[in-house]
Amino acid sequence: MNKKGISILLVALLVFMFMPINLAKAQSESSLNFELDKDSFNVEEKITGEGQVKNGEIPMAGVEVTLTVEDNTGLSLFKVGQYITDVNGKFNINFRLPSNMNVEKYVVKVKALGKEVTKEFQIVGKDKPTEPTVPDKPTKPDEPTIPTKPEDDKKDSYKTIEQKSTDYGKLIVVEDKDGKIIGKVDIDEKNFEKQIKDDRIRNILIKIETEKELDKISVNFKQNAITGIVESKKSLEISSDYLTCILKPNTFKDIKDCTVEFKMEKKDKKIGKEYIQTSPLIELQLNAMKGGKIEEIKISEKPILSMKYDYKSGINYEKACLYRVDEKDNIIFKGGKLDKTNKTLETEIDKLGEYAVLIYDKTFKDVDAVWAKEPVEVLVSRHIIDGIDEENFAPKGNITRAEFCKMIINSLNIGAGETDVKFKDVDNSDSYFEFINIAASLGITEGHDGMFEPNEEITREAVVTMIYRLLKSENYIKDNMNVELTFDDSKDISNWAKEAVLFAKENGIIEGVGNNRFEPKRNATRAESSVMIYRMLKSIKMF
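Since we're looking at a predicted model, the values are computed, not measured.

1. Quick look at the overall build of the chain
Scanning the chain for helices and strands turns up 10 helices and 26 strands. Across the 543 residues in the chain, those meeting the buried criterion constitute 48%. Pairs at least 24 apart in sequence give 69% of the contacts found in the chain among residues at least 6 apart. Accessible surface, the chain: about 28800 Å² in total, of which carbon and sulfur atoms supply 47%.

2. What to know about the side chain of E318
Relative to the helices and strands, E318 resides in the loop between β21 (304-308) and β22 (320-325). Given a relative accessible area of 3%, E318 falls into the buried group. In this structure the side chain of E318 is engaged in a polar contact, spanning 3.3 Å, whose partner is the side chain of K340. If sequence neighbours within four positions are ignored, E318 has contacts with L338, K340, E374, V378, S381, R382, Y534, K538 and F543.

3. Structural notes on the packing of aromatic side chains
In the structure shown here, the tally under the stated rule is 14 aromatic pairs. A centroid spacing of 5.9 Å and a plane angle of 85 degrees characterise the contact between F41 and F121, whose relative ring orientation is edge-to-face. Taken as a pair, F41 in strand β2 (residues 40-42) and F121 in strand β9 (residues 115-124) lie far apart in primary sequence, 80 residues in all. For the pair shown, F41 and F121 are each scored as buried. Through pairs of rings, three or more aromatic residues link up here, namely Y275, Y323, F333 and Y360.

4. Here we look at the packing of helix α3 (residues 189-197) against helix α4 (residues 223-232)
Contact geometry of α3 with α4 gives a least axis separation of 10 Å together with a crossing angle of 0 degrees. One way to sum up the angle between α3 and α4 is to call them roughly parallel. Across from E189, F192 and I196 in α3, the residues of α4 making contact are N224, A225, G228, I229 and S232. A per-class count over the contact of α3 with α4 returns four nonpolar, three polar and one charged.

5. Examining the sheet that holds strand β25 (residues 344-348)
In spatial order, the strands read β13-β15-β16-β21-β25-β24; together these six strands make up an open sheet with mixed pairing. Strands with a single pairing partner mark the edges of an open sheet, and in this sheet they are β13 (203-207) and β24 (337-339). Going from strand to strand, the sheet's axes swing by 15 degrees on average, the running direction of each strand aside. The sheet contact formed by strand β16 (residues 243-247) and β21 spans four bridges and is antiparallel. Bridging across to β21, L243 finds its partner in M307.

6. Focus: unusual backbone geometry
Even without a glycine there, the phi angle at D329 is positive, about 65 degrees. Tracing the backbone through its elements, the reader meets D329 in the loop between β22 and β23 (331-335). The partly exposed category is assigned to D329, whose relative accessible area is 47%. Positive phi, normally seen in glycine, also occurs at E453, with a value near 55 degrees. Looking at the secondary structure, you find E453 in the loop between α7 (433-441) and α8 (460-473).

7. Observations concerning helix α10 (residues 526-539)
The terminal C-alpha atoms of α10 lie 20 Å apart, and with 14 residues this matches the ideal 20 Å at 1.5 Å per residue to within 8%. Counting buried positions along α10 yields 11 of 14 residues, so the element is predominantly enclosed. The inward-facing, buried residues of α10 abut α5 (370-381), α6 (401-412) and α8. Taken from the residues just after α10, K541 is the one with a positive phi, measuring 60 degrees.

8. Observations concerning the packing of α6 against α10
Orientation of α6 relative to α10, taken along the N-to-C sense of each, is 20 degrees, at an axis distance of 11 Å. One way to sum up the angle between α6 and α10 is to call them roughly parallel. In this structure, α6 crosses over α10, and the sense of that crossing is right-handed. Counting all contacts with α6, which are made through F404, M407, I408, S411 and L412, the residues of α10 involved are S529, S530, I533, M536 and L537. Counted by class, the contact of α6 with α10 contains seven nonpolar, three polar and no charged residues.

9. Observations regarding α5
Between its first and last C-alpha atoms α5 spans 18 Å; for 12 residues at 1.5 Å apiece the expected length is 16 Å, and the two agree. Regarding α5, the residues found buried are A372, P375, V376, E377, V378, L379, V380 and S381. Here the buried face of α5 lies against β22, β23, β26 (354-360), α6 and α10. The positive-phi residue at the C-terminal boundary of α5 is H383, with phi of around 60 degrees.

10. A word on the pattern of salt bridges
On inspection of all chains with the given rule, the structure shows 35 salt bridges. For R517, the salt bridge goes to D489, with nearest N and O atoms at 3.9 Å. One end of the pair, R517, is in the loop between α9 (495-506) and α10; the other, D489, is in the loop between α8 and α9, and 28 residues separate them in sequence. A relative accessible area of 1% means that D489 is categorised as buried. A salt bridge links R522 to E519; its shortest N-O distance comes to 2.7 Å. Through salt bridges with shared partners, a single network forms among K319, D361, K373 and E377.

11. With respect to the pairing of strand β5 (residues 64-71)
Among the eight residues in β5, seven count as buried, and that is most of the element. Relative to strand β8 (residues 105-112), β5 runs antiparallel, the two being bridged by six bridges. Across the sheet, residue E70 finds its bridge partner in β8, namely V107.

12. Concerning the confidence of the model for the chain
Averaged over every residue, the pLDDT of the chain is 85; residues scoring 70 or more account for 86%. When the elements of the chain are averaged for pLDDT, helix α2 (residues 150-154) gives the smallest value, 42, and β21 the largest, 98. Considering only residues more than four positions removed or in separate chains, one finds that residues 8-24, a stretch of pLDDT under 50, has zero contacts. Per-residue pLDDT stays below 50 along residues 127-156; that stretch engages in 36 contacts with residues further than four places along the chain or on separate chains.

13. Observations regarding the side chain of S411
Secondary-structure assignment places S411 in helix α6. A distance of 2.6 Å separates the side chain of S411 from the backbone oxygen of I408, its partner in a polar contact. Setting aside its immediate chain neighbours within four residues, S411 contacts I384, L470, I533, M536 and L537.

Parameters at a glance
Residues numbered from 1 in each chain as written. Predicted model: local features only at pLDDT ≥ 70, side-chain atom pairs only at ≥ 80, totals over all residues. Heavy atoms only, no water. Helix = DSSP H or I, 4+ residues; strand = E, 2+ residues; numbered from the N terminus. Buried < 20%, exposed > 50% of the residue type's maximum accessible area, 1.4 Å probe, protein only. Contact = heavy atoms within 4.5 Å. Areas by Shrake-Rupley, 256 points an atom, 1.4 Å probe, with all protein chains shown as cover. Polar contact = N/O pair within 3.5 Å; in protein donor to acceptor, adjacent residues only side chain to side chain. Phe/Tyr/Trp six-rings, centres within 6.5 Å; stacked < 30°, edge-to-face > 60°. Axes fitted to C-alpha atoms, helices over the stretch in contact; angles between N-to-C directions. Parallel < 35°, antiparallel > 145°, perpendicular 65-115°, else oblique. Nonpolar A, V, L, I, M, F, W, Y, C, P; charged D, E, K, R; others polar. Pairing = 2+ DSSP bridges. Expected span 1.5 Å × (residues − 1). Left-handed = near helix turned anticlockwise from the far one by under 90°. Salt bridge = Lys/Arg side-chain N within 4 Å of Asp/Glu carboxyl O. pLDDT = per-residue confidence, 0-100.

Take a look at the structure:
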């Protein structure tokens, strides 16, 4: 090798040897400046701002900048995304928070080359516009940026009361200045993967257990964890001391390349004068972050929600049900299966939002018979049947075939089957069309010669038969019985109803009308129909 080649080689070696030192020096001399465009934004407005990274006076291009959002307790809510500085060392942020974010203060935390800047901003409601604000004077280019430490600004607003590692990740519990207890869970991907790969586990469980009852919970999932849930085809079960939510794997199928946050928060709100509230109002949120945007996840597969209720003596909890409160404070009935041992109600829900356990405690002045009073009130509380007006139920009045269809479909809140059955005397515009259509599609009712006769009064044997077919369609009946009917008027029961009457008698759904008689051809009253459905629900342990 000639002298010129040796010289070039030595120069290259010197550059290589001192390159880390120069990069470290550049990092130590770098500065990060950042400002939000304003300090308050409407709930659906984009959060915008601008920053610059410099090495002394020289703009630094191609630098990676990360941005996260924290709430006013210092807990990280979202990792919004990464930005790259341009040829002038500048970067612009532009993202939108979910429309269901609380109206309160938040913090944007920006990091680059080991430097960090935080900025506070306020989310305000649409109906409370704020006056324009003048941004703080930007830091001069030649002045180094001093990172703001969140704990310096907020040391008096919250305190850490518990930290621990769990089977699913790290749990931090803090108490804010108002005494609210807040838990934040960051999923550990290695621990999480063990549940994903364990074939013995049906649901991936995140059980949040703390010394104090939590008012707010935030669970954060990175992309790999979400991808693992989707590929495992397992449901995700998130459980606290007052609520369990099971999210089906298809919930995440279109967002498996996103980071995700699940939130549960108690709301300080009382609901409806007509209802007894037996649990806190809990808000559920599921948000995804991708490409600098935060979006509410639309539920594609119904989650299962289980909520605890507060027990007090003297209250009939068979009347307790789950309800959703919508954006306009409308109260929407969702039903639920009652577990008196664990004091919970459980049902499938069609969307996340605000939920509570409520009791619609309605009584009627014309229902005083001991055998009918409680069943009627429970069915009315579960919106299976209504009174004829505010004060009267008309317990001795007869009930039509269409009316009973509505009762039986509402009793288990079921949807239509695959079979499409049409009746000549039932029109799409009829008020009971949906209920008759569902019952026919599931084989609960068959009609006669293409007719349903919706306005005809229903007989006692027809009521029992429809109850039997409903339970059969929902797989509550599996074995045939090898016993015989013992009513003295058994010969009067139609052949198509005998199996149903036998089942109902053996399972306590019917007892007869006295003197060991069933009276199958007599029209069923509103009270009798209510009692039979009530006993059916008890037989399958709905309460």
